Amino acid sequence: QKEVEQNSGPLSVPEGAIASLNCTYSDRVSQSFFWYRQYSGKSPELIMSIYSNGDKEDGRFTAQLNKASQYVSLLIRDSQPSDSATYLCAVNIAGGGADGLTFGKGTHLIIQP
Amino acid sequence: DTAVSQTPKYLVTQMGNDKSIKCEQNLGHDTMYWYKQDSKKFLKIMFSYNNKELIINETVPNRFSPKSPDKAHLNLHINSLELGDSAVYFCASSQIDSYNEQFFGPGTRLTVL
């Protein structure tokens, strides 16, 4: 059974610091990995995708993937109060195809001004 | 605006009724999905359609019937609504050859009384 695990939090980080969010997954054949941000009452918004081992940077966001350890992380640099949200880790088995994503339960991040 | 849209945004109804939710995407994607997010915020795939063809049908009661008239539209009809159907239903879309990056609609909050 495919599982994606995240610490539900809340994770409280001071403004300007680095927020580190972690995710593990159970299915070794997983190929695509995503981070979504969801504000309360809103829909999930794709902020990062990563497919190969290593780091991928986009602005203040860095996604890290380690397939051997089945581990994905998201770093948010210079955290802002507007980053306060629930961050959902999602995994896809195939590299493409019409597969549904398997989501973790999300980490609630609070950035303290 | 290029986006995934859903109607209605809110749906309040009595147990036993039948209701439909509509979804449209103008992103030019060929695959569309329905997800359910329960009261604990857990997001789970229900169905996926590729070019109007059903690809995934997770363990969902057969009271739920998706229908895709064309690849830009995916509707969800629910018969004999039950209290446990109360949730937020999200439509999403992706392009099958793009590592399955999925983009979500604004959601439909269904409340069954």
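All figures in this text were calculated on a predicted structure; none of them were measured in a lab. (Residues numbered from 1 in each chain as written. Chains lettered and ligands numbered in written order. Predicted model: local features only at pLDDT ≥ 70, side-chain atom pairs only at ≥ 80, totals over all residues. Heavy atoms only, no water.)

Asks: Give me the lowdown on the overall build of chain B, citing residues and values where you can.
Replies: When its secondary structure is counted, chain B shows zero helices and 11 strands. In sequence order, the secondary structure elements of chain B are arranged as β-β-β-β-β-β-β-β-β-β-β. Scaling as 2.2 N^0.38, a compact globule of 113 residues should have a C-alpha radius of gyration of about 13 Å, and chain B matches this with 13 Å. Overall, the C-alpha framework of chain B stretches about 40 × 30 × 25 Å when taken along its three principal axes. A separation of at least 24 residues holds for 55% of the contacts in chain B among residues at least 6 apart in sequence. Accessible surface for chain B amounts to roughly 5,700 Å². Of this, 50% is attributable to carbon and sulfur atoms. Here chain B holds 12 positive side-chain charges and 12 negative ones, and the gap between their average locations is 8 Å. (Helix = DSSP H or I, 4+ residues; strand = E, 2+ residues; numbered from the N terminus. Rg over C-alpha atoms; globule rule 2.2 N^0.38 Å. Contact = heavy atoms within 4.5 Å. Areas by Shrake-Rupley, 256 points an atom, 1.4 Å probe, with all protein chains shown as cover. Lys, Arg positive; Asp, Glu negative; His and termini not counted. Charge placed at Lys NZ, Arg CZ, Asp CG, Glu CD.)

Asks: Now, about the confidence of the model for chain B: what can you tell me, with residues and values included?
Replies: Put simply, chain B has an average pLDDT of 92, and 98% of its residues get 70 or more. Within chain B, the lowest mean pLDDT, 79, falls on strand β6 (residues 53-57) of chain B, and the highest, 98, falls on strand β3 (residues 19-25) of chain B. (pLDDT = per-residue confidence, 0-100.)

Asks: Describe the interface of chain B and chain A, naming the residues involved and giving the relevant values.
Replies: Taken together, the contact pairs 22 residues of chain B with 22 residues of chain A. Summing the contributions of chain B and of chain A, the shared interface buries around 1,800 Å²; its carbon and sulfur component is 59%. At the boundary of chain B with chain A, the tally comes to zero salt bridges. On the surface where chain B and chain A come into contact, there are seven residue pairs in polar contact (both at pLDDT 80 or more). (Buried area = accessible area lost by both parts, 1.4 Å probe. Salt bridge = Lys/Arg side-chain N within 4 Å of Asp/Glu carboxyl O. Polar contact = N/O pair within 3.5 Å; in protein donor to acceptor, adjacent residues only side chain to side chain.)

Asks: Describe the packing of aromatic side chains, with residues and values.
Replies: Inspection of every chain in the model, using the stated rule, returns 10 aromatic pairs over all chains. Arranged with centres 5.5 Å apart and planes meeting at 50°, the rings of Y36 of chain A and F103 of chain A form a pair that is tilted. With Y36 of chain A in strand β4 (residues 32-38) and F103 of chain A in strand β10 (residues 102-103), this residue pair connects regions lying 67 residues apart in the sequence. Ring centres 6.2 Å apart and planes at 80° place the aromatic pair F90 of chain B and F104 of chain B in the edge-to-face group. Taken together, the positions of F90 of chain B in strand β9 (residues 87-94) and F104 of chain B in strand β10 (residues 103-104) put the pair 14 residues apart, joining distant regions of the chain. On the basis of relative accessibility, which here comes to 10%, the residue F104 of chain B falls in the buried class. The ring of F61 of chain A has R60 of chain A sitting right over it, with the charged end atom 5.6 Å from the ring centre. Of note, K105 of chain A hangs over the ring of F42 of chain B, and the distance from its end group to the ring centre comes to 5.6 Å. (Phe/Tyr/Trp six-rings, centres within 6.5 Å; stacked < 30°, edge-to-face > 60°. Buried < 20%, exposed > 50% of the residue type's maximum accessible area, 1.4 Å probe, protein only. Lys NZ or Arg CZ within 6 Å of the ring centre and 35° of its normal.)

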